[in-house]
Amino acid sequence: MPASVALEPLSPHAQSPRHEKYDRLIAAAQALPTLRVAVAHPCDEAALGAALEAAELGLIEPILVGPAAKIAAAAAAARLDISALRQVGAAHSHEAAAKAVELVRCGEADALMKGSLHTDELMSAVVARDIGLRTARRISHCFLMDVPGHPDALIITDAAINIAPSLEDKRHIVQNAIDLAHALKFEEARVAVLSAMETVNPDVPSTIEAAALCKMADRGQITGGIVDGPLALDNAIDLGSAAIKHITSPVAGRANILVVPDLEAGNMLAKSLTFLAGADAAGIVLGARVPIILTSRADSKSTRLASCAVAALLAAAQRAVAKAVEV
């Protein structure tokens, strides 16, 4: 297994960027036991195709949960053979989400995957009291970005779940991202808490929260990573920009985890990298009992496969932690 998913820089001007970081990630996941994944409502070609593509590479063993007729129609339209896959019937998307969660709770699945249903439908089943998959952690989302021309993979959080997270929410968001970095074998988790500036300004709440998160890390309330902030995006990821601002920090210019102030900022950052820089953005939800794979119809094949690979590596890391606790 590689020490990190970060590889050599790629040319940002390439016509068809090769996402070699993702290739390494997928290869690492293929060395692990196949992940049993409950796929909630895979009733269109994109959702069903994503599950089968990952299965063909040995990343996951999909369990298709949803209306049998709709799944069969999607398979026929895409000319996909699903005869060897286990199916669990559900009348509609809400029931599919609930039954997918139930498969995890009863130990028949190791992860969830979003099919052709809304994210909030799936997450409602995940966070349901008593019958969901909540833990003591705040549930959050991470994008693992493979940006052509940037030497390291970037984790961006949270751009999909927490709309306006509180300071306590952000503590969990940061810890979830650090744990993901360790699962992906990052050599070091370097967390930049982003704002519009790199100085604490009482008029800009995100700078105050960034400073508080750094102190939380100093006092052991956040562990496993180096946390610095506030940092603007340029001096978080570019050493030259950090030098110009005279910022001395083990994170500035070298961050591999970017914590955004709110969902809007994270969503715009991730989509800017995707559509303007040719990046791929593998999505994963953390903080639940198992990894949750979020894919989109707009995702490339490499992104869909990378999302499954991230889930496999995260699940393996969680199993290792649970085994260590038992010992």
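If you're wondering where the values come from, they're calculated on a predicted model, not measured in any experiment. (Residues numbered from 1 in each chain as written. Predicted model: local features only at pLDDT ≥ 70, side-chain atom pairs only at ≥ 80, totals over all residues. Heavy atoms only, no water.)

Colleague: Looking at this structure, I do not really get the overall build of the protein. What am I missing?
Modeller: Check the secondary structure of the protein and you find 11 helices and 11 strands. Taken over C-alpha atoms, the radius of gyration comes to 20 Å for the protein, in line with the 20 Å a tight globule of 327 residues would show. Expressed along its principal axes, the backbone C-alpha trace of the protein runs to roughly 60 × 50 × 40 Å. Within the span of the protein, comprising 327 residues, buried residues form 51% of the whole. Considering only contacts in the protein between residues 6 or more positions apart, those separated by 24 or more positions represent 71%. Only carbon and sulfur atoms are counted for the fraction: they give 54% of the accessible area of the protein, which is about 14,600 Å². For the protein, the separation between the mean place of its 29 positive charges and that of its 36 negative charges on side chains is 4 Å. (Helix = DSSP H or I, 4+ residues; strand = E, 2+ residues; numbered from the N terminus. Rg over C-alpha atoms; globule rule 2.2 N^0.38 Å. Buried < 20%, exposed > 50% of the residue type's maximum accessible area, 1.4 Å probe, protein only. Contact = heavy atoms within 4.5 Å. Areas by Shrake-Rupley, 256 points an atom, 1.4 Å probe, with all protein chains shown as cover. Lys, Arg positive; Asp, Glu negative; His and termini not counted. Charge placed at Lys NZ, Arg CZ, Asp CG, Glu CD.)

Colleague: How should helix 7 (residues 205–218) be read in this particular structure?
Modeller: One turn of the α-helix equals 3.6 residues, which is why residues spaced by three or four share an orientation. Its 14 residues give helix 7 an end-to-end C-alpha distance of 20 Å, which sits within 8% of 20 Å, the value for a rise of 1.5 Å per residue. The set of residues buried in helix 7 consists of S206, T207, A210, L213, C214, M216 and A217. Taken together, the buried residues of helix 7 touch helix 6 (167–183), strand 7 (190–194) and strand 8 (226–231). Phi turns positive one or two residues past the end of helix 7, at G220, with a value near 85 degrees. (Expected span 1.5 Å × (residues − 1).)

Colleague: So what exactly am I meant to see when it comes to the pairing of strand 5 (residues 140–146) here?
Modeller: The two faces of a sheet get side chains in turn, since along a regular strand they alternate between them. The element strand 5 is extensively covered by neighbouring structure, given that seven of its seven residues are classed as buried. In the sheet, strand 5 pairs with strand 10 (residues 280–286) via seven bridges, with the strands oriented antiparallel. Note on strand 10: the bridge partner recorded for F143 is G283. Here three bridges tie strand 5 to strand 6 (residues 154–157), and the two strands are oriented antiparallel to one another. Across the sheet, the residue bridging to F143 is I156, located in strand 6. (Pairing = 2+ DSSP bridges.)

Colleague: What is the right way to read the environment of M268 from this model?
Modeller: Following the sequence through the fold, M268 ends up in helix 10 (residues 263–277). Sequence separation of M268 and D228 is 40 residues, and the distance between their C-alpha atoms is 22 Å.

Colleague: What exactly am I supposed to notice about the layout of surface pockets here?
Modeller: Any space left empty among the atoms is revealed by the rolling of a water-sized probe across them. Roughly 800 Å³ of volume is contained in the largest pocket. Residue lining of the largest pocket: 32 residues in total, with F143, T295, S296, R297 and D299 positioned closest to the centre. Where the lining of the largest pocket is concerned, the elements lending two or more residues are helix 2 (45–56), strand 5, helix 10, strand 10 and helix 11 (301–326). In terms of residues, the lining of the largest pocket owes the most to one element, helix 10, which gives five residues. Here the lining of the largest pocket is built from residues that sort into 13 nonpolar, 12 polar and seven charged. (1 Å grid on protein atoms, 1.4 Å probe; cavity = no way out; pocket = protein on both sides within 12 Å on 5 of 7 lines; lining within 4 Å. Points joined across faces, edges and corners; volume = space filled by probe spheres on them. Nonpolar A, V, L, I, M, F, W, Y, C, P; charged D, E, K, R; others polar.)

Remember that the coordinates give geometry; whether it matters functionally is a separate question.
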